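Residue-level listing of the chains:
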Amino acid sequence: MGVPATVAEAAAPGGPAEIREIYSRYTARKILLLAGLGILLAGMGLFASTTGAAAIGVADVWRVVAGKVVPGYSLAPASELAGTVVWELRIPRIFLAVLTGMSLAGAGAVMQGLLRNPLVCPYTLGLSGGAAFGAALAIVLGKNILGGYFNIAGNYIIVTNAFFFGCLTMLFVYAISRLKGGVPETLLLGGVAIGYLFSAGVSALKYISNEEALKDLVVWLMGGLWGASWETVMLLFPLVVVCMTVLLRYAWDLNALGAGEEVAASLGVNVRRLRLVCLILATLAASGTIAFTGIIGFVGLVGPHICRFIIGGDNRFLIPCACIAGGALLLLADTMARTVFSPVEVPVGILTSLIGAPFFIYLLIKKKRRYWS
Amino acid sequence: MPGRRLVFGLCMVFLLAGLLFCSGAVQNAQASETKVLLQQMADQSRAAQIKVLLDGKEISMDVRPVIENGRTLVPLRAIFEALGARVSWDGSTKTATAVRDGTEIRLVIDSDAALKNGEKKRLDVPARIHDGRTLVPLRFVSEALGARVDWDAAAYAVIITGAPAETQKWLTVTEHFVTPEGRIEKNAVRVPSPPKRVVVLGTYQAEIIKCLGKEDRVAAVTDSIKNLRGSWLQYVMNLPSVGSASTPDVEKIIGLKPDLVLDWAMKPEIKNQLVRAGIPVLRLYGYNSKFLLEEIQTLGLIFNSQERALIYTSYIDGHLRTVREKINSAYPGRKTDVYYETSMNDWGSVGIGSGVQPLLEMLKCKSIAEDLGLANPRVSPEWVAAKNPPVVIKSVSSGYSGVGGKGIGYEAQSNGELIALQQRIMSRPALKITGAVKHKRVYLISSELSNGPRSVVGAYYLAKLLYPEIFRDVDPEAVHREMFDKFYGRELKGIWVYPQP
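Predicted model only: the values in this text are computed from it and were never measured.

## Some details on the overall build of chain A
(1) Moving on: When helices and strands are counted, chain A shows 15 helices and zero strands.
(2) Moving on: Here chain A, with 373 residues, has 48% of them falling under the buried criterion.
(3) Moving on: In chain A, once contacts between residues fewer than 6 apart in sequence are set aside, the share between residues at least 24 apart is 76%.

## A word on the overall build of chain B
(1) Moving on: A tally of helices and strands in chain B yields 17 helices and 24 strands.
(2) Moving on: Expressed as a percentage of its 501 residues, the buried residues of chain B come to 42%.
(3) Moving on: In chain B, the proportion of contacts linking residues at least 24 apart, taken out of those at least 6 apart, comes to 53%.

## Side note on the sheet that holds strand E1 (residues 51–54) of chain B
All names here are of chain B.
(1) Moving on: The strand order E2-E1-E13-E12 describes an open sheet built from four strands, whose pairing is mixed. On the outer flanks of this sheet lie strand E2 (57–58) and strand E12 (148–152), each paired with one strand and no other.
(2) Moving on: Here E1 pairs with strand E13 (residues 157–161) via four bridges, running parallel. Each bridged residue has a counterpart across the sheet, and for Leu54 the counterpart in E13 is Ile160.

## A look at the environment of Leu239(A)
Residue and element names in this part refer to chain A.
(1) Moving on: By the element assignment, Leu239 lies in helix H9 (residues 230–249).
(2) Moving on: Measuring from C-alpha to C-alpha, the distance between Leu239 and Ala285 comes to 6.3 Å, with 46 residues separating the pair along the chain.
(3) Moving on: Setting aside residues up to four positions removed in sequence, Leu239 forms contacts with Leu284, Ala285 and Gly288.

## Quick notes on helix H8 (residues 292–302) of chain B
Residue and element names in this part refer to chain B.
(1) Moving on: Regarding H8, the residues found buried are Leu292, Glu295, Ile296, Thr298, Leu299, Gly300 and Ile302.
(2) Moving on: Check the buried side of H8 and you find it contacts strand E14 (169–178), strand E15 (184–193), helix H4 (203–211) and helix H9 (306–330).
(3) Moving on: In the stretch just after H8, Asn304 is the one whose phi turns positive, near 65°.

## Things to note about the pairing of strand E22 (residues 391–396) of chain B
Residue and element names in this part refer to chain B.
(1) Moving on: For E22, a buried count of six out of six residues is recorded, marking the element as mostly surrounded by other parts of the structure.
(2) Moving on: Burial of the side chains of E22 extends over both faces: Val391, Ile393 and Ser395 are buried on one face and Val392, Lys394 and Val396 on the other.
(3) Moving on: As judged from the four bridges shared by strand E20 (residues 336–341) and E22, these two strands associate in the parallel manner. Paired with Glu341 across the strands is Lys394, a residue of E22.

## Some words on helix H7 (residues 184–208) of chain A
(1) Moving on: Compared with an ideal rise of 1.5 Å per residue, which puts 25 residues at 36 Å, H7(A) spans 36 Å between its outermost C-alpha atoms and is within 8% of the ideal.
(2) Moving on: Looking at H7(A), one finds that the buried residues are Leu187(A), Leu188(A), Gly190(A), Gly191(A), Ile194(A), Gly195(A), Phe198(A), Val202(A) and Leu205(A).

## Regarding the packing of helix H10 (residues 251–258) of chain A against helix H14 (residues 315–339) of chain A
Residues and elements named next belong to chain A.
(1) Moving on: Remark: H10 packs on H14, axes separated minimally by 8 Å, with the N-to-C direction vectors making an angle of 115°. Along the contact surface, H10 presents Ala251, Trp252, Leu254 and Asn255, while H14 presents Asn315, Arg316 and Ile319.
(2) Moving on: Here the residues of the contact of H10 with H14 sort into four nonpolar, two polar and one charged.

## A word on the nonpolar core
(1) Moving on: Of all hydrophobic cores here, the largest spans 215 residues; its most connected members are Val110(A), Ala282(A), Ala325(A), Val200(B), Leu462(B) and Ala463(B).
(2) Moving on: The element best represented in this core is helix H4 (residues 80–115) of chain A, accounting for 22 residues.
(3) Moving on: Those residues in contact with Val110(A) that sit more than four places away from it in its chain are Leu247(A), Leu254(A), Cys278(A), Ala282(A) and Ile319(A).
(4) Moving on: Counting 30 residues, the second largest nonpolar core, distinct from the first, contains Phe80(B), Leu83(B), Leu107(B) and Val141(B).

## Things to note about the sheet that holds strand E23 (residues 442–446) of chain B
All names here are of chain B.
(1) Moving on: Taken in spatial order, the five strands of this open sheet run E21-E20-E22-E23-E24, and their pairing is mixed. Strands with a single pairing partner mark the edges of an open sheet, and in this sheet they are strand E21 (365–367) and strand E24 (497–498).
(2) Moving on: With respect to the sheet, helix H12 (residues 416–426) is in contact with E22, E23 and E24, its orientation differing from that of E23 by roughly 135°.

## Some thoughts on the packing of H9(B) against helix H16 (residues 455–466) of chain B
All names here are of chain B.
(1) Moving on: For the pair H9 and H16, the least separation of the axes is 9 Å and the interaxial angle reads 20°. Accordingly, the angle class assigned to the pair H9 and H16 is roughly parallel. Seen along the crossing, H9 lies across H16 with a hand that is left-handed. On the side of H9, the interface is formed by Ile316, His319, Leu320, Val323 and Ile327, while H16 contributes Val456, Ala459, Tyr460 and Ala463.
(2) Moving on: In terms of residue class, the contact of H9 with H16 is built from eight nonpolar, one polar and no charged.

## Thoughts on unusual backbone geometry
Glycine aside, negative phi is the norm for most residues, and most peptide bonds take the trans geometry.
(1) Moving on: That bond from Ser193(B) to Pro194(B) is cis: its omega, -10°, falls within 30 degrees of zero.
(2) Moving on: Along the chain, the position of Pro194(B) falls in the loop between E15 and strand E16 (198–200).
(3) Moving on: Even without being a glycine, Arg116(A) presents a positive backbone phi close to 50°.
(4) Moving on: Within the secondary structure, Arg116(A) is located in the loop between H4 and helix H5 (127–146).
(5) Moving on: Look at Trp347(B): it is not a glycine, yet its phi comes out positive at around 70°.
(6) Moving on: With respect to the element layout, Trp347(B) can be found in the loop between E20 and helix H10 (357–362).

## A look at the confidence of the model for chain B
(1) Moving on: Of the residues in chain B, 87% reach a pLDDT of 70 or more, and the chain-wide mean stands at 82.
(2) Moving on: Reported confidence for the predicted complex is 0.74 by ipTM and 0.69 by pTM.

## What to know about the confidence of the model for chain A
Detailed reading of the predicted coordinates is not advisable wherever pLDDT is low.
Residue and element names in this part refer to chain A.
(1) Moving on: Mean pLDDT for chain A: 82, with 87% of residues reaching 70 or above.
(2) Moving on: Least confident of the elements in chain A is helix H1 (residues 2–11), whose mean pLDDT is 48; most confident is H14, at 91.
(3) Moving on: Low pLDDT, under 50, characterises residues 1–5; the predicted model gives this stretch one contact beyond four residues in sequence or across chains.

Each value, and the rule that gives it
- Residues numbered from 1 in each chain as written.
- Chains lettered and ligands numbered in written order.
- Predicted model: local features only at pLDDT ≥ 70, side-chain atom pairs only at ≥ 80, totals over all residues.
- Helix = DSSP H or I, 4+ residues; strand = E, 2+ residues; numbered from the N terminus.
- Buried ≥ 20, exposed ≤ 12 C-beta atoms within 10 Å, placed from the backbone.
- Contact = placed C-beta atoms within 7 Å.
- Pairing = 2+ DSSP bridges.
- Expected span 1.5 Å × (residues − 1).
- Axes fitted to C-alpha atoms, helices over the stretch in contact; angles between N-to-C directions.
- Nonpolar A, V, L, I, M, F, W, Y, C, P; charged D, E, K, R; others polar.
- Core = buried A, V, L, I, M, F, W, Y, C linked by C-beta atoms within 7 Å.
- Parallel < 35°, antiparallel > 145°, perpendicular 65-115°, else oblique.
- Left-handed = near helix turned anticlockwise from the far one by under 90°.
- pLDDT = per-residue confidence, 0-100.

Given below as structure tokens:
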């Protein structure tokens, strides 16, 4: 924490003590904001756990959750229905929504910082395209090659393949950019190109596949959280938390990179290593969740931008903020998806854009300052 | 006595000459007989290879054509039916009568006289019975019915042209069109009758056309039809495919020069392209029990096979009536809630406007998603849990919902995959707590039987599963077997439902 203090001292007028005070007030406000967002997210989670197509009273929900969470708690047990609905359907789904939103928006924020470009997200870097291609390959060819056996191991194959291809794409894009000396533009353009290549691949697979496989493929590509279960959550939770925590440790380096590669290098940041490590971590988190949920757009791109408006460009705050806001956005969208036309469910992708886009446009118009330096 | 010697000598000479002559004659006779025999054998073996082509299409015959005195004789029924004539047989007078377009021909077995519209004609070779089949002279009957007959020596084929001057007329029929909101619209569509080349996009349509005996009119099908019905509806396997039912290959369809397209899910844009190209498109679902019988009758009318359509629909209708009456009389006021899940996806249920809804209604079942305003709503799992349905019915189609191509249906040999699927459904958290799972009332049924013409069989199976006490004496499999035998000309195989009632 010594470096930024000296930077601030050197750059700003007035005495160091005063500046330090302003700075700490400034940080405190941001921490407060983060805490507020965290509480909001938790509140939304609680709200989501009490709403749904099955009419279950708030008291019953509390009883179920308390009974599961608090050890030795033995109040009159809620009905079996409440227990199953709350504990096995709603809560895993809430967790999956939050984890997915977190990893997509967090990865988006890190990638935007790494490449110093506001249009970067898991989608534009070709990661989603790669994962989609992996899933499509598994669905279309898996059915052809494995036949009946595919039905037993099918889901695992789809998930593994999507994850593998998501990561492979990123490595491929990174390798291309390394050939040109790691220029961010090459990375982005390489990602866009690879993204198109894979989407062509997906279209080709769609074209050659029969209607049965096509149906599965379309459902996967549309994205959704109905596959939520505790197993999925338990698998994704450590992955997302570990990746995001480690990425948070690189927030300072990302801040330095924001001032330019030369500046970062002069501040002792190994830019090449930073890019590689952060890209790998962001990719792991994003690919992992995409593999389970299918393509969910918008959150990864716009989540970080909304947070830049709210909390500014400092990655130490931006990354956690993007995680929380992304989680909240997706949770809100999914809760609406399952309740608006209850008991009919709507694909969540429709609602993320429907909620997020107007909000984002509102912020764009309202904020006069150019937020992207 | 030189005189006597001379007489004796002369006698001997005559005798010898006579003997020689006679033996020569005998030899000659023998040779000619052998020649005839050889000729006949050659005729027979060549006749075995003779092809009879009617407008470029080979007529299949169960008895080989026979060549006699240079004339080809062919089985009566095969040739007349190919020419589109109606045949009747009078056993007492050994007379075959064929009528087509006002022309009547009478042939008497072993008689060289024939009558064409009452006018006497002489035959080079009479009609005769051979191997228990009536054979008739090909050229005479074809020409008498107005066709031209040519002999292609190179191909060793009889070529008949311009044969069944099948008069095609235009009919206006009613199609049922289900809008995405589940409303049923009735449209009038003008179609040629009978159509010569039909592109069939629906699996149930392909099944119905087979029952009407008009599969020779089908010019192309879809990939799905081949995948889902190819195992037993074999005629579809030899036909070209135009892709999918919703977005078929328009150029390919137009290139096939069909005079009718039977659709059920085509995108409106594509339909417009076809209509602009002058190809009539008729919508027929074939799986919606509400108007299935009407649709079969419409097809019967179009294809000029109303009689078969009538046999088929009355069979279906009769059995459905049986099921309905049995349940109605035993449980007049009952209504069982069911969670019915489609084969397409998990949590996809059915409401008013879906094809299976009338069947459920007949079984005194009510889909819990009936009143959601959608034909195929995707419902929230917790809502299903809260509804606590006492029965779960899952429609299963091979290739979907985790069941492989040989998991259910004609080619299924073991119910291993169905047991696994039932287990998966019963272990879904949202269903685990329902009465259906607690009492193991989770029924899997092939989507071929939950919809379409064979939903009769599905109705029996489900009725027996739901009300075992009143359907104890009914064997759904026997009905299925009968349908296969009677309408599809095949022996029933496979596994169609789980658990087996």
